[in-house]
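# Structural features, examined
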Amino acid sequence: MQIGDLLTLIAGFLYAVHILMTQHLSDHVDGKAFTTFQFYGATILAFVLAFLFEDLSIIQDIQPTIFLQIFYLAFFATTITMLCQTLGQKYTNECYASLILSLESVFGVIFSIIFYHEVLTMKMLIGFTFIFVAIIISQTQLSFLRRSS
């Protein structure tokens with residue numbers, strides 16, 4: 001196990017905590033305010049960590065066109081999707097939400113193969129096969145998988 005694997009496991013655990021906390025707070029807090037608070041907190045934390053640990057001299061070399069790409073990622077790919085997730089979790093339980101959100105990696109691979117002609121590797125195939133099997137097992141009552149009581 002390398003540092004990337006460990007960070008992935010930690011991130012997965014924290015994402016599960018995020019789903020549970022969103023579910024817990026969605027009945028008591030406005031979803032838009034909750035999402036806004038999360039983004040303010042993440043922004044402040046990112047700036048503090050950037051000033052502490054990053055070489056900020058490269059900022060002067062940034063091309064102006066990159067800001068449109070950053071805006072797209074920050075607004076559409078992050079803010080809008082996070083807001084939809086927060087508002088959507090108000091109407092479903094955390095188990096279904098986590099199952100739906102776990103399909104992100106599957107669709108990411110599928111779209112990268114379709115649109116960017118990425119080659120499907122054995123690791124990719126095994127990974128999203130495990131995800132599909134886990135979803136099928138968790139949502140069906142397969143008699144051979146039930147524990148006998």
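Since the model is a prediction, treat every value here as computed from it, not as a measurement.

Turning our attention to a nonpolar patch on the surface. On the surface, M1, I3, L6, L7, L9, I10, F13, L14, V17 and M21 cluster together to form a nonpolar patch covering roughly 1,000 Å² of accessible area. Given a relative accessible area of 40%, M21 falls into the partly exposed group.

We note that H117 has phi near 55 degrees; this positive angle belongs to a residue other than glycine. Among the residues examined, H117 registers a relative accessible area of 65% and is labelled exposed.

We now examine the side chain of Q38. Checked against the element boundaries, Q38 lands in helix 2 (residues 31–53). Within the structure, Q38 has its side chain in polar contact with the side chain of H18 (distance 2.7 Å). Contacts of Q38, omitting those with residues within four sequence positions, involve H18, M82 and T86.

Further remarks concern the environment of L101. In this structure, L101 sits in helix 4 (residues 94–102). For the pair L101 and L20, spaced 81 residues apart in sequence, the C-alpha to C-alpha distance is 13 Å. Every residue in contact with L101, bar those within four places of it in the chain, is listed here: Y15, I19 and Q85.

The rules behind these values
Residues numbered from 1 in each chain as written. Predicted model: local features only at pLDDT ≥ 70, side-chain atom pairs only at ≥ 80, totals over all residues. Heavy atoms only, no water. Patch = residues over 30% accessible without salt bridge, like charges linked within 9 Å, V, L, I, M, F, W, Y side chains within 5 Å. Areas by Shrake-Rupley, 256 points an atom, 1.4 Å probe, with all protein chains shown as cover. Salt bridge = Lys/Arg side-chain N within 4 Å of Asp/Glu carboxyl O. Buried < 20%, exposed > 50% of the residue type's maximum accessible area, 1.4 Å probe, protein only. Helix = DSSP H or I, 4+ residues; strand = E, 2+ residues; numbered from the N terminus. Polar contact = N/O pair within 3.5 Å; in protein donor to acceptor, adjacent residues only side chain to side chain. Contact = heavy atoms within 4.5 Å.

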